[in-house]
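A closer look at the structure
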Amino acid sequence: MAQPTGQLDTVMHENRIFPPPAEFSRRARIKSMDEYQRLWDEAAADPAAFWATMAREELHWFQPFSTALAWNEPFAKWFVGGTTNASYNCLDKHVAEGRGDRIAFLWEGEPGDARTLTYAELLKQVCKFANVLKSLGVERGDVVSIYMPLTPELAIAMLACARIGAVHSVIFAGFSAEAIADRNNDAKAKIQITADAGYRRGQVLPLKNTVDEALAKSLTVEKCIVLDRVNEAIHMERGRDFWWHELMAQASEDCPAEPLDSENTLFILYTSGSTGKPKGIRHTTAGYNLFVKKTFEWVFDYRDEDVFWCTADCGWVTGHSYVVYGPLSAGATVVLYEGAPNYPHEGRFWEIVEKYKVTIFYTAPTAIRAFMKWGDEHAEKHDLSSLRLLGTVGEGINPEAWMWYHRVIGRERCPIVDTWWQTETGGIMMSPLPGATPTKPGSCTKPLPGVIPQIVDSQGGEVDVHHGGWLTIAHPWPGMLRGIWGDDERYKETYWSKVPGKYLAGDNARRDEDGYYWIMGRIDDVLNVSGHRLSTIEIESALVSHPHVAEAAAVGRPDELKGEAVAVFVTLRGARPSEALRSELVKHVRNQIGALAQPDDVRFTNALPKTRSGKIMRRLLKDIASGKETVGDTTTLEDYSVLARLRSEDE
Ligand code: ATP
Ligand code: MG
C-alpha cells in the first residue's frame, strides 16, 4: 500500500550482526552498550549542559564562556562569551603539556618522498605562516582561499588562518578555474594559496595555471602565495604572486594564538554539489572544535600508540574534521598521503598501511568498491596486521562491500565504523562505538551522545519502526553549521522550513527494532514505483551482492503504468556485459528484495558519473535514464567523459 507522504517502504533484509571483539572492548574508552546508553541518556536529558561540561574539560579557554547555548531558531550560538583558538587547541596545548616531540603528521608524497612533522615543528611552521599571512594584510575575518595538493603545507595554511582568526575556504585541487572563481567570488576571498603543480596518478596537474585563470575572474583576490611542490616553470605575476618559501624564510616564529570568540567563523566549505549549486557551509570555532575532538575520540577510540589514517583530502569536510582539527586536537599521529590509491600500483594504500603501521583506517565506500574491483591480491600481498579499526564515510556502504572490507582488509578482526554525517553537521553524528556497538553491515547503527535524530513524515510526525522517512535532528549540537555563507534565506529554506523546529538532513532513513538507523539515500533520489516509495541504496545493495557487480546506481524514470520504472546502471567485475547477465541481475534483485524493486532497465557501463569526492551523481543518471537532452549542473562532475560515454552507450 502507498504510504503517507514522506514515508518509504523498505525491501531490504540484512540480519548479520557482528559484536565487538572482547579484546577490543576491554581496552576501549566506551566498553559496552550500557555505558553508551548511560552517556546518551545523560546527554539527551540536557544536551547544552552535557556539552558545556565537555567544553570546559576539552578545550583551552582564554576566557571562559558564560552560556552554553543561545538558540534563536535556526541560528545557534555555542559557548557564548568564551574565547578560544582552534590552532591553540591543536598545537600549543600539546607542546605546553610536554608532548611537542610526538609525531603529528607522517606524510607520504605520491612520488614516494616522505616527511615527518612533530607537534613542535608543526607549531613553528604554523606560527611562521600566520605571520606571512599577516604580512600580506590578512586580518581577522578575511577569507583565505586554499587550492593545494595534500601536503603538510595545506594543513599549515588552514591552521595559520585559524590562529589569526582568518576564515579558510579550501577548494579541492581538482576543481576547474571556473569552480574556483565561483567560490572565491561567493566568499569574497582576499588571498589565494596554491602550489605550482601537484601529482596525480603520475601526472603533473598544473595547479598554478588553473589558479591564474581563476584569479582573472576572482574580483576580490589581491595576492597569491605559491608553494613550490613540483618545481614546474610557472608564471609569477609581480606584485601579486609570492613564493611560499621566500615569504617563510623571512617570517618570525613568534605568533601567539589570538583569543577568538567562540562563534568566530573558522571556515567555509562548499559542498560537493551532488544535488545542485554549491553552497558555502559556515562553521565556527569552539563548538566545531569540541565536536570534532570528542567524536574523533569516541568513534575511533583513539589511543596514544595509534597511527590514524583518514584517506580524505582536506578539500572535503572529512579532511577538515578527521585529518586536521579532530585528530590534532586529540594529539593524534596522522598519516597524510598525497596521491591516488592506484598509483603506481593498485596496492599503494596497503603498502602505506604496512610502511607506517597504520592502526586505524578511514576511507570512502567508493574506494572500497574500487579495491574490490581490483581484486583481493593487492591487499593480500601486504602485512595489514597493524590495523585494529576500520571506518567508512561519504555514502552508504552496501552490505557486500562492508563484508569484503571486514574480510579482506580487517581480516575479520577489526570492527568497522560506518559513520553518517555531512558537511553541515561538522562531525560524525551516527556511528558504532567500536568497543560497544554490535555492528550490522549497511547500518550506521546509533547516534552519538548529544545527537538526537528523529525520522519523520512530511507532516513532521515520527514514523514507525521499519518505515523510511526524513532524517532530522531534533536538538542543536555544537558542530552544526551556523549558516550558508551570505545566504540566510537559503539556510532557512533548505534545512529548517519543511519540518518546524528540526534540522532536515536531506537524507531518508529508517530505524529497525533494535533502534539501529539505516540511511536510505537522499530525499531527492527516492523512486516511486506503483505507489511504493523505494530507496536507491536498497536496490543498489541487492545488485552489489551479485558477485559480478562492482558498483550500481538505481534511479527512477517516468513510466506510464507504474509512475516510475527502475533503471539501474551497473559496472562489472570479472564479467562482460551480456543479455544473459542482464536477465540474471534482474532475477537476482527479485530474489533478494522482491518483484516490486526489480529493475526494468539494466545498463552496463564502464564507469558511473561521480562527484570529485567520489559520490555517485544519481541526478545525472536520472536525466540519462529519462532520455533528457540536457542534464543539470555538471560543474562538480569528476570526469565529463563518463557522461558522454553513457550517452553513447544509450544509443
Ligand atoms: P551536496 O550537499 O552538495 O549534494 P554532499 O551531500 O555529497 O553534497 P557531503 O556533506 O560531503 O556532501 O555528504 C553528506 C552526505 O553523504 C549525506 O547527506 C549522505 O547522503 C551521504 N553520507 C555520508 N555518510 C554516509 C553514510 N555513512 N551512510 C550513508 N550516506 C552517507
Ligand atoms: Mg549534502
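Residues numbered from 1 in each chain as written. Chains lettered and ligands numbered in written order. Predicted model: local features only at pLDDT ≥ 70, side-chain atom pairs only at ≥ 80, totals over all residues. Heavy atoms only, no water.

**Concerning the state of the cysteines**
- Scanning the entire structure with this criterion turns up 0 disulfides.
- Cys-161 takes part in no disulfide bond, and the closest cysteine sulfur to it belongs to Cys-255, at a distance of 11 Å.
- Cys-310 forms no disulfide, and the closest cysteine sulfur to it belongs to Cys-314, at a distance of 8.4 Å.
- According to the relative accessible area criterion, Cys-310 is buried, its value standing at 3%. (Disulfide = S-S within 2.5 Å. Buried < 20%, exposed > 50% of the residue type's maximum accessible area, 1.4 Å probe, protein only.)

**Brief notes about the sheet that holds strand β4 (residues 103-108)**
- An order of β5-β4-β17-β16-β18-β19-β20 is seen for the 7 strands of this open sheet, with the pairing classed as mixed. Among the strands making up the open sheet, the edge pair consists of β5 (114-118) and β20 (416-418). In this sheet, neighbouring strand axes are inclined to one another by 20° on average, regardless of whether the strands run parallel or antiparallel.
- The sheet contact formed by strand β19 (residues 389-392) and β20 spans 3 bridges and is parallel. Counted as the bridge partner of Thr-392 is Asp-418 from β20. (Pairing = 2+ DSSP bridges. Helix = DSSP H or I, 4+ residues; strand = E, 2+ residues; numbered from the N terminus. Axes fitted to C-alpha atoms, helices over the stretch in contact; angles between N-to-C directions.)

**Brief notes about the pairing of β5**
- The pairing of β4 with β5 spans 5 bridges and is classified as antiparallel. In the sheet register, Leu-106 faces β5, and the bridge partner there is Thr-116.

**A look at the confidence of the model for the chain**
- Confidence along the chain averages 94 in pLDDT terms, with 96% of residues attaining 70 or more.
- Confidence, expressed as mean pLDDT per element, reaches its minimum in the chain at helix α20 (residues 640-650) with 67 and its maximum at helix α6 (residues 152-164) with 99. (pLDDT = per-residue confidence, 0-100.)

**Focus on the packing of helix α3 (residues 47-58) against helix α10 (residues 286-300)**
- Running from N to C, α3 and α10 cross one another at 90°; their axes reach a closest spacing of 10 Å. One finds that α3 runs roughly perpendicular with respect to α10. Here α3 contributes Phe-50, Trp-51, Met-54, Ala-55 and Glu-58 to the contact with α10, which in turn contributes Leu-290, Phe-291, Lys-293, Lys-294, Glu-297 and Trp-298.
- Taken together, the residues of the contact of α3 with α10 sort by class into 7 nonpolar, no polar and 4 charged. (Parallel < 35°, antiparallel > 145°, perpendicular 65-115°, else oblique. Contact = heavy atoms within 4.5 Å. Nonpolar A, V, L, I, M, F, W, Y, C, P; charged D, E, K, R; others polar.)

**A look at the packing of aromatic side chains**
- Using the criterion set out here, one finds 41 aromatic pairs in the structure.
- Each ring, one from Phe-50 and one from Trp-51, has its centre 5.2 Å from the other, and the planes form 75°; the classification is edge-to-face. Taken as a pair, Phe-50 and Trp-51 share a single burial class, namely buried.
- Among the aromatic side chains, those forming a connected cluster through ring pairs are Trp-71, Phe-75, Trp-477, Tyr-491, Tyr-495, Trp-496 and Tyr-503. (Phe/Tyr/Trp six-rings, centres within 6.5 Å; stacked < 30°, edge-to-face > 60°.)

**Considering the layout of surface pockets**
- Considered as a void within the structure, the second largest pocket measures approximately 210 Å³ in volume.
- The wall of the second largest pocket is formed by 14 residues, among which Glu-14, Asn-15, His-466, Asp-512 and Glu-513 lie closest to the centre.
- When grouped by side-chain class, the residues that make up the lining of the second largest pocket number 3 nonpolar, 4 polar and 7 charged. (1 Å grid on protein atoms, 1.4 Å probe; cavity = no way out; pocket = protein on both sides within 12 Å on 5 of 7 lines; lining within 4 Å. Points joined across faces, edges and corners; volume = space filled by probe spheres on them.)

**Description of the pattern of salt bridges**
- Tallied over the entire structure, the rule returns 47 salt bridges.
- Salt-bridge contacts for Glu-153 lead to Arg-115; the nearest nitrogen and oxygen are separated by 2.9 Å. Residue Glu-153 is located in helix α6, and its partner Arg-115 is located in strand β5; the two are separated by 38 residues in the primary sequence.
- Residue classification places Arg-115 among the partly exposed residues on the basis of a relative accessible area of 33%.
- Here Arg-140 and Glu-258 are joined by a salt bridge, their closest N and O atoms 2.6 Å apart. Of this pair, Arg-140 sits in the loop between α5 (119-135) and β6 (143-147) while Glu-258 is found in the loop between α9 (244-250) and β13 (260-261), placing the two residues 118 residues apart along the sequence.
- A relative accessible area of 21% places Glu-258 in the partly exposed class.
- Connected via shared salt-bridge partners are Arg-27, Asp-301, Arg-303, Glu-305, Asp-306 and Arg-388. (Salt bridge = Lys/Arg side-chain N within 4 Å of Asp/Glu carboxyl O.)

**Quick word on the sheet that holds strand β14 (residues 265-270)**
- Reading across from one edge, β12-β11-β8-β6-β7-β14-β15-β23 is the order of the 8 strands in this open sheet, with mixed pairing throughout. Each having just a single partner strand, β12 (241-243) and β23 (483-484) make up the two edges of the open sheet.

**Focus: the packing of helix α13 (residues 365-374) against helix α15 (residues 399-409)**
- Closest axis-to-axis distance for the α13/α15 pair is 10 Å, and the angle between their directions is 70°. The angle between α13 and α15 falls in the class roughly perpendicular. Read as a crossing pair, α13 and α15 show a hand that is left-handed. Side by side, α13 and α15 meet where Ile-368, Arg-369, Phe-371 and Met-372 of the first sit next to Glu-400, Ala-401, Trp-404 and Tyr-405 of the second. (Left-handed = near helix turned anticlockwise from the far one by under 90°.)

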